[in-house]
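Chain by chain, the residues run as shown.
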Amino acid sequence: MIEIHLTILAIAALIGLIASYLAITEKDLLKAVGYSAIQAIAYALIFHTLMAPDIVLAYVAIAVGIYSALLIFIIGKTERYEVM
């Protein structure tokens, strides 16, 4: 049973790491927000696997909901693509 939990933790951590990297390197800011939301969901899965449901509820509401909505609103007021 513990091997299953460790496997879920490892896969979720890898998905979160990959999504974080993609969010940082992406030039399209809306895609970067999407990758950031994927990273937040992967970390929420880690918190759930570690049996911290109260943290999961707060983290999903803030990181996926409010944070993403705020960033999309701000991106709508500026340029969609990052200019170097």
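Draft legend 1. Local environment of the overall build of the protein. If you tally the helices and strands in the protein, you get three helices and zero strands. Secondary structure elements of the protein occur, N-terminal to C-terminal, as α-α-α. Projected onto its principal axes, the C-alpha coordinates of the protein cover approximately 50 × 25 × 10 Å. Within the protein, buried positions represent 25% of all 84 residues. Looking at the protein alone, contacts between residues at least 24 apart form 59% of all its contacts between residues at least 6 apart. Total accessible area on the protein is roughly 6000 Å²; 77% of this is exposed by carbon and sulfur atoms.

Draft legend 2. Fine view of unusual backbone geometry. Positive phi is not limited to glycine here, since Met51 has a value of about 60°. Considering the arrangement of structural elements, one finds Met51 in the loop between α2 (29–49) and α3 (53–77).

Draft legend 3. Seen up close, the packing of aromatic side chains. Under the criterion given, the structure shown has one aromatic pair. Aromatic pair Phe47 and Tyr59: ring centres 5.6 Å apart, planes at 85°, arrangement edge-to-face. One end of the pair, Phe47, is in helix α2; the other, Tyr59, is in helix α3, with twelve residues separating them in the sequence. Classification of Tyr59 as partly exposed rests on a relative accessible area of 25%.

Draft legend 4. Structural detail: the packing of helix α1 (residues 2–25) against α2. At their nearest, the axes of α1 and α2 sit 8 Å apart, and the two run at 160° to each other. In terms of orientation, α1 and α2 fall into the roughly antiparallel class. Along this stretch, α1 crosses α2, giving a crossing that reads as left-handed. For the pair formed by α1 and α2, the contact residues are His5, Ile8, Leu9, Ala12, Ala13, Ile15, Gly16, Leu17, Ala19, Ser20, Leu22 and Ala23 on the first element and Ala32, Tyr35, Ser36, Ile38, Gln39, Ala42, Tyr43, Leu45, Ile46 and Thr49 on the second. Residues belonging to the contact of α1 with α2 are distributed by class as follows: 16 nonpolar, six polar and no charged.

Draft legend 5. Spatial organisation of the packing of α2 against α3. Between α2 and α3, the least distance of the axes is 9 Å, while the angle of their chain directions is 175°. On the basis of the axis angle, α2 is roughly antiparallel to α3. Here Leu29, Leu30, Val33, Ser36, Ala37, Gln39, Ala40, Ile41, Tyr43, Ala44, Phe47 and His48 of α2 lie close against α3, whose contacting residues are Ile55, Val56, Tyr59, Val60, Ala63, Val64, Tyr67, Ser68, Leu71, Ile72 and Ile75. By residue class, the composition of the contact of α2 with α3 is 19 nonpolar, four polar and no charged.

Rules behind the numbers
Residues numbered from 1 in each chain as written. Predicted model: local features only at pLDDT ≥ 70, side-chain atom pairs only at ≥ 80, totals over all residues. Heavy atoms only, no water. Helix = DSSP H or I, 4+ residues; strand = E, 2+ residues; numbered from the N terminus. Buried < 20%, exposed > 50% of the residue type's maximum accessible area, 1.4 Å probe, protein only. Contact = heavy atoms within 4.5 Å. Areas by Shrake-Rupley, 256 points an atom, 1.4 Å probe, with all protein chains shown as cover. Phe/Tyr/Trp six-rings, centres within 6.5 Å; stacked < 30°, edge-to-face > 60°. Axes fitted to C-alpha atoms, helices over the stretch in contact; angles between N-to-C directions. Parallel < 35°, antiparallel > 145°, perpendicular 65-115°, else oblique. Left-handed = near helix turned anticlockwise from the far one by under 90°. Nonpolar A, V, L, I, M, F, W, Y, C, P; charged D, E, K, R; others polar.

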